[in-house]
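Structural description and commentary
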Amino acid sequence: MAADVPSSDRPGPLLTEDALLGPVDEVAGSLLGCFVVTDRPDGQVALRLTEVEAYSGQGEDPASHAHRGPTPRAEIMFGPPGRLYVYFSYGVHWCANVVVGPAGRGSAVLMRAGEVLVGESLAASRRPAARVPRDLARGPARLTQALAIGPDDRGTDLLDPASPVRLHAGPAPAGISAGPRVGISVATELPWRFWATDAASVSVFRAGGKPRRRGPRQDGRP
């Protein structure tokens, strides 16, 4: 980590399981300001989370992959907490989620957007379409591209110091806003999207609509 990076813009200690054990909508908001760090052969990138979405497996959230129980696709959502759930969305891009809650609960938090604070040049090389820094990880697909997260990371323990993808503590934002989740067509009444109120990197809100037609390799939301 560069010595000239302010301490507030550096990852803190790794999170612990205890920090992830609450109800999914409460844990989701607490992850804002936390850092996601990836170490790859070409270097390290660290970003601070500015937007997340909560998805529950407790029978209250039909938008969740875990709504029908621990299917082969969703079984990783049932714990233990701190694992990385990666899925392919609409046959287009990868999304990354933090499994939260006690084992067996089936809840996860989608990492929707973040602010790259370490490794900006490397993140930009992975995201050549981004014209300004705020766009490097502004949306779940851009976030995984900036961090080089893909299918091989599924099941990674984010709480292990030896992992190539890790979740670290960080300063909470000054303000947190909540509202509907993006792009879903069921459970739209749940205000389970949370974002740092004044963060420029928060993704553009698009209300849900009719489900898209999916090909054989496509998934919906978690």
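Scroll up to find the structure this text is about.
A short tour of the structure in this document, coming up. (Residues numbered from 1 in each chain as written. Predicted model: local features only at pLDDT ≥ 70, side-chain atom pairs only at ≥ 80, totals over all residues. Heavy atoms only, no water.)

Some thoughts on the pattern of salt bridges
Operational definition: Within this document, salt bridges are pairs made up of a side-chain nitrogen of Lys or Arg and a carboxyl oxygen of Asp or Glu, the two lying within 4 Å of each other. We count a stretch as a helix when DSSP gives it H or I for four or more residues in a row; a strand needs E for two or more, and each element gets its number in order from the N terminus. A simple rule labels every residue: compare its accessible area, found with a 1.4 Å probe on the protein chains alone, to the largest value its type can have, and call it buried under 20%, exposed over 50%, or partly exposed in between.
Considering all chains together, one arrives at 13 salt bridges under this definition. Between Arg126 and Asp42 there is a salt bridge; the shortest N-O distance is 2.9 Å. One end of the pair, Arg126, is in helix H2 (residues 120-126); the other, Asp42, is in the loop between strand S1 (35-40) and strand S2 (43-55), with 84 residues separating them in the sequence. Relative accessible area serves as the criterion here: at 17%, Arg126 is assigned to the buried category. Measuring nitrogen to oxygen at the nearest pair gives 3.9 Å for the salt bridge that ties Asp135 to Arg142. Residue Arg142 is classed as partly exposed on the basis of its relative accessible area of 32%. When salt bridges that share partners are traced, they join Glu51, Glu53, Arg112 and Arg193 into one network.

A short note on the packing of aromatic side chains
Applied cut-off: Any two of the Phe, Tyr and Trp rings considered here, Trp counted by its six-membered ring, make a pair once their centres fall within 6.5 Å; the pair's planes then place it as stacked at under 30 degrees, edge-to-face at over 60, or tilted in between. Here, a charge over a ring means that NZ of Lys or CZ of Arg falls within 6 Å of the ring centre while also lying within 35 degrees of the ring normal.
One pass over the structure, following the stated rule, counts two aromatic pairs. Sitting over the ring of Tyr55, Arg181 keeps its end group 4.5 Å from the ring centre. In this structure, Arg193 packs its charged tip against the face of Trp195, placed 4.1 Å from the ring centre.

Describing the side chain of Ser177
To keep it simple, the criterion reads: Within 3.5 Å is the distance limit for a polar contact, defined as a pair of N or O atoms, with the added protein rule that one can donate a hydrogen and the other accept it, and that residues adjacent in sequence qualify only through two side-chain atoms.
Here Ser177 is to be found in strand S7 (residues 176-179). Side-chain polar atoms of Ser177 contact the side chain of Thr197, separated by 2.9 Å.

Some points on the side chain of Ser201
The criterion, for reference: Contacts were defined at the residue level, with two residues in contact if any of their heavy atoms lie within 4.5 Å.
You can see Ser201 is positioned in the segment after strand S8 (193-196). With a relative accessible area of 5%, Ser201 lands in the buried category. At 2.9 Å, the side chain of Ser201 forms a polar contact with the side chain of Thr50. Apart from residues lying up to four places away in sequence, Ser201 is in contact with Thr50, Ala113, Gly114, Glu115, Arg134, Ala137 and Arg138.

Here's the deal with helix H3 (residues 140-147)
H3 sits mainly inside the fold: six of its eight residues count as buried. For H3, the complete set of buried residues consists of Pro140, Ala141, Leu143, Thr144, Ala146 and Leu147.

So, the nonpolar core
To keep it simple, the criterion reads: Here the nonpolar core consists of buried residues drawn from Ala, Val, Leu, Ile, Met, Phe, Trp, Tyr and Cys, with membership extended through side-chain atoms lying within 4.5 Å.
In terms of nonpolar packing, the biggest core is built from 53 residues, with Leu31, Leu49 and Leu167 touching the most fellow members. Within the residue set of this core, elements represented by two or more residues are helix H1 (24-30), S2, strand S3 (84-89), strand S4 (93-100), strand S5 (107-118), H2, H3 and strand S6 (165-168). A total of six residues in this core trace back to one element, the largest contributor, which is S2. Ignoring anything within four residues of it in the chain, the contact list for Leu49 reads Leu31, Leu32, Gly33, Cys34, Val36, Met111, Ala113, Gly114, Leu143 and Leu167.

Any functional reading would require information that these geometric values do not contain.
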